[in-house]
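One letter stands for each residue in the lines below.
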Amino acid sequence: MGLDLLIRNGTIVDGSGAARYRGDVGIKDGEIVEIGRIRAVAERTLDADGLIVAPGFIDGHTHMDAQVAWDQIGSCSCWHGVTTVIMGNCGFALAPCKAAEREWFARCLTAVEDIPTEAMLAGIAWTWETFPEYLATVDRLPKAINYGAYIGHSALRMYVMGRRALSEKATADDLARMAAAVKEAIRAGAMGFSSSRATTHVTPDNTPVASRIADWSEVDRLVGAMAELNAGIFQVGPDTSGGEAQRRFLARLKQVAVETGRPVMFGTISSRQGDKPNPWTYQLEYLDDCAAAGARMWGQTTTRSINAIFSLKSYLPFDVLPAWRALRHLPLDEQKQRLADPATRRQLVAAEADMKPRGNVFQGGGAATTDPRKPDYDNLYAMKSVDWDDPTVAQLSAQRGKHPVEVMLDLVLENDNQVFIQPLVNEQPDHVLGMLKHPRTLATFSDSGAHVCQEMGSSLQTHMLSYWVRAKRAFTLEEAVRKLTFDNASAWELNDRGLLRTGYKADLVLFDEVRVRPAMPSVETDLPGGARRLVQKAEGIAAVVVNGQVTLENGEATGRMPGALLRGPGARVA
């Protein structure tokens, strides 16, 4: 049998956690058809000598709902070995949506997820109204990675209730219409239904997003609609505003999971923010308690801190201050001239004293730039590499005998690509490791497609391989690959992906285990309409294969678009 693609002489880490072995992988018609020592001829052969051959990585927590319309390769995820993403998390989506409300939906996404409105209006050929129509659009779009999608609670609520969704409880008629739409979405192939109770999720008017207005009986009804079909995952952004609020949220979530029988996912994090936060281990104990009660519950976690990222080319912590605001709207070269002027610098440094104190207000990535507090300079790092051993601004301030703001100005004048990292949650690496090690957590919380100038989580996978495997030796490579592939595929019931097995879809990543790591991030103006975003590529990724076709080689796109819309198991009950 002639093969379409033969990957020869690689070291296979198959996603199961089993020990690696040397072998070949034969691919035909988008599937793996042979593994071992292969003698068949192929149209193309990739020499994988010295490389790891693994299943393509799966990222279940992204917000690429808009980006899929204009970014055919699926960046930045594709550069880090990701071959499948799930979008529509936390209740935020672009469908269902009436034509007259498209800009309003876009502005809500901008407020919560920092996806620029101008990019969405310029980059989306918005032809759908219902969720099945949106899935059909994604299915038709050329794409180099695979996409699955949730139907989002806030989008659904606004579609059914209009502006009432932002202030009122649903009526019986509203609930009936929303439940019918959830069933329609599941039958069309939605991966599930998503929502949010997170206090950091607000509208452009700084009011709670629609899903936060809903009471728990509404959640019961909509997750119950999936239960009637025996299909679909419930994903929810948790309330993390304080210890007591988190305990109430988790207790009620457990009830939903037990009573509906549907798999439930929420973000597990560690943070010093909020009102008397619970220890991070509380969530892990909770996952075990839920399992004992009969619930299928998963925690989604990161492989490193979740950060606000600042730079001269995007945001600085001081941009909303009157003394800074006009200057920051000038062209970059003119800004640099002003920042070098001693009198201007004195004024800018003095203005910092007017900032709000840090306090214990819980901030996500968006709040860190739209409602900035005075930086904790002991927790603000001047990024020099991707090895996570950077100096803090406080340390540099003490070394140079200068005010921290002046130190930051010096650094951005020396290098206008200088990036500053402010960890918001998961600040302590040992906490991150503890969450990653738990058997009921998924390494999948990248937020790719969102917070495009505020956060850079798309490197989650290569950070796992470079930091936790190679630098810290906290996981074997086999264990880490399983976390990024089979564990995620199993949680989302992607039963033909996540392993290197004959009969499985041919999604693979080839990488050098001694070189793989994230590259330094940069700010680029490559979104539709010239909007800015953070871009982070990777080193050591030799090739990415999606559905049997090579989509990236040495970080460069090949132009092939074999990506597919992945429909959830509920599509089979239609």
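Let us look at the structure shown here. (Residues numbered from 1 in each chain as written. Predicted model: local features only at pLDDT ≥ 70, side-chain atom pairs only at ≥ 80, totals over all residues. Heavy atoms only, no water.)

1. A word on the nonpolar core
We apply this condition: Throughout, nonpolar core names a set of buried Ala, Val, Leu, Ile, Met, Phe, Trp, Tyr and Cys residues whose side chains join them through atoms within 4.5 Å. Under the scheme applied here, a residue whose accessible area is under 20% of the maximum for its type counts as buried, over 50% as exposed, and between as partly exposed, the area being computed with a 1.4 Å probe on protein chains only. Secondary structure elements follow DSSP: runs of H or I no shorter than four residues count as helices, runs of E no shorter than two count as strands, and numbering proceeds from the N terminus. For this analysis, residues touch if any pair of their heavy atoms sits within 4.5 Å.
Formed by 117 residues in total, the largest nonpolar core has its most connected members in F131, F193, F234, L253, M297 and F511. Tallying contributions element by element places helix α5 (residues 172-188) first for this core, with eight residues. Non-local contacts of F131, meaning those with residues more than four positions away in its chain, are made with A95, P96, A149, Y150, I151, A185 and A190.

2. Digging into the environment of T392
Tracing the backbone shows T392 in the loop between β14 (381-383) and α14 (393-400). Here T392 falls in the buried class, since its relative accessible area comes to 6%. Each C-alpha atom, one on T392 and one on G56, is 35 Å from the other, the two residues being 336 residues apart in sequence. With sequence-adjacent residues up to four places away left out, T392 is seen in contact with Y377, D378, L380 and Y381.

3. So, the pattern of salt bridges
The line we're drawing: Within this document, salt bridges are pairs made up of a side-chain nitrogen of Lys or Arg and a carboxyl oxygen of Asp or Glu, the two lying within 4 Å of each other.
All told, the structure shown has 37 salt bridges when counted by the stated rule. Across the pair R107 and E103 runs a salt bridge whose closest N-O atoms are separated by 2.6 Å. Here R107 and its partner E103 are both found in helix α1 (residues 102-113), four residues apart, which amounts to about one turn of the helix. For E103, a relative accessible area of 38% gives the class partly exposed. Residues K169 and D215 are paired through a salt bridge, measuring 3.9 Å at the closest nitrogen-oxygen approach. With K169 in the loop between α4 (153-161) and α5 and D215 in the loop between α6 (210-213) and α7 (216-229), the pair connects residues that are 46 residues apart, well separated along the chain. When its relative accessible area of 25% is taken as the criterion, D215 is described as partly exposed. Through salt bridges with shared partners, a single ionic network connects R345, K402, E406 and D410.

4. Regarding the layout of surface pockets
Cut-off, in case you're wondering: With a 1 Å grid laid over protein atoms only, a set of points is called a cavity when a 1.4 Å probe fits there but cannot get out and a pocket when it is open yet has protein on both sides within 12 Å along at least five of seven lines; lining residues have an atom within 4 Å of a point. Grid points are joined across faces, edges and corners, and a volume is the space filled by probe spheres set on the points. Note that Gly is not counted as nonpolar here; it falls among the polar residues with everything else outside the nonpolar set of Ala, Val, Leu, Ile, Met, Phe, Trp, Tyr, Cys and Pro and the charged set of Asp, Glu, Lys and Arg.
For the second largest pocket, the calculated volume is near 290 Å³. In terms of lining residues, the second largest pocket is bounded by 17 residues, among which S305, Y381, W388, E427 and P429 are the most central. The set of elements that each furnish at least two residues to the lining of the second largest pocket consists of β15 (419-425), α16 (429-437) and α17 (460-471). Considering each element in turn, the lining of the second largest pocket owes the most residues, three residues, to α17. Taken together, the residues that form the lining of the second largest pocket break down as eight nonpolar, five polar and four charged.

5. What about empty space enclosed by the protein?
Tallying each qualifying case throughout the model produces 10 cavities of 30 Å³ or more. The volume enclosed by the largest cavity comes to roughly 140 Å³. Considered class by class, the residues forming the lining of the largest cavity number six nonpolar, eight polar and three charged.

6. Notes on the packing of aromatic side chains
For the record, the criterion: Only centres within 6.5 Å qualify two rings of Phe, Tyr or Trp (six-membered ring in Trp) as a pair; their planes then separate them into stacked at under 30 degrees, edge-to-face at over 60, and tilted for everything else. Placement of a positive charge over a ring is assigned whenever Lys NZ or Arg CZ falls within 6 Å of the ring centre and within 35 degrees of the normal to the ring plane.
Counting across every chain of the model gives 10 aromatic pairs. On the basis of an interplanar angle of 15° and a centroid distance of 5.8 Å, the ring pair of F193 and F234 is categorised as stacked. Remark: F234 occurs in strand β10 (residues 233-237) and F193 occurs in strand β9 (residues 192-196); sequence separation between them is 41 residues. Judged by centre distance (5.9 Å) and plane angle (45°), the ring pair of W216 and F249 falls under tilted. Here W216 is found in helix α7, whereas its partner F249 is found in helix α8 (residues 243-260), with 33 residues between them in sequence. Each member of the pair, W216 as well as F249, is classed as buried. Through pairs of rings, three or more aromatic residues link up here, namely W126, W128, F131 and Y134. When the ring centre of Y159 is taken as origin, the NZ or CZ atom of K98, which lies over that ring, is 4.1 Å away. Stacked on the ring of W216, the Lys or Arg R197 has its end atom at 4.9 Å from the ring centre.

7. What to know about the pairing of strand β8 (residues 146-152)
Put simply, the rule is: Two strands pair under a simple rule: DSSP has to find at least two bridges between them.
Within β8, seven of the seven residues are buried, which leaves the element mostly enclosed by the surrounding structure. In this sheet, β8 lies alongside strand β7 (residues 82-87) in parallel orientation, the contact comprising four bridges. Among the inter-strand pairings, V85 is bridged to a residue of β8, identified as Y147. Two strands pair when backbone bridges link them, and β8 and β9 are joined in this way by three bridges, in the parallel orientation.

8. Here we look at the sheet that holds β8
Rule in force here: Helix axes use the C-alpha atoms of the stretch in contact, all axes being lines fitted to C-alpha atoms, and the angles between their N-to-C directions lie in the range 0 to 180 degrees.
In space, the eight strands of this open sheet follow the order β6-β7-β8-β9-β10-β11-β12-β16, with parallel pairing throughout. The strands lining the two open edges of the sheet, one partner per strand, are β6 (57-59) and β16 (441-443). Averaged over all adjacent pairs, the angle separating strand axes in this sheet is 25°, with direction ignored. Bridge count for β10 against strand β11 (residues 264-267) is three bridges, and the pairing is parallel. Looking across to β11, one finds that V236 is bridged to F266. Each of β7 and β8 is contacted by helix α3 (residues 131-140), which is oriented at about 165° to β8, the strand it contacts most.

9. Things to note about helix α9 (residues 281-292)
Counted only if it meets this: By definition here, a helix of n residues has an expected span of 1.5 Å times n minus one. Relevant arc is that of directions from the helix axis to the C-beta atoms, nothing else.
In this model α9 runs 17 Å from its N-terminal to its C-terminal C-alpha over 12 residues, within 8% of the 16 Å that 1.5 Å per residue would give. Among the residues making up α9, those that are buried are Q283, L284, Y286, L287 and C290. Down the axis of α9, the buried side of the element spans an arc of 155°, and every buried residue falls inside it. Looking at the packing, one finds that the buried side of α9 touches α8, β11, β12 (297-301), α16 and β16. Looking one or two places after α9, you find G294, whose phi comes out positive at around 100°.

10. Let's talk about helix α18 (residues 477-484)
For α18, a buried count of six out of eight residues is recorded, marking the element as mostly surrounded by other parts of the structure. Among the residues making up α18, those that are buried are L477, E478, A480, V481, K483 and L484.

11. Structural notes on the sheet that holds β15
Strand order in the open sheet made by the three strands is β13-β15-β14, with antiparallel pairing throughout. Sheet topology places β13 (306-311) and β14 at the edges, where each strand pairs with a single neighbour. Between one strand and the next, the sheet's axes are offset by a mean angle of 35°, whatever the strand orientation. Pairing analysis gives six bridges linking β13 to β15, with the strands arranged antiparallel. For F310, the partnering residue across the bridge sits in β15 and is F420.

12. With respect to the side chain of R197
Put simply, the rule reads: None of His or the chain ends enter the tally, which takes Lys and Arg as positive and Asp and Glu as negative. Whenever a nitrogen or oxygen atom comes within 3.5 Å of another N or O atom, the pair is scored as a polar contact, on the condition that within protein one atom can donate a hydrogen and the other can accept it, and that pairs from neighbouring residues in sequence are kept only if both atoms are in side chains.
With respect to the secondary-structure elements, R197 resides in the loop between β9 and α6. No salt bridge is formed by the buried R197, whose closest oppositely charged neighbour, D239, lies at an N-O distance of 6.9 Å. Among the polar contacts listed, one links the side chain of R197 to the backbone oxygen of A214, at a separation of 2.9 Å.

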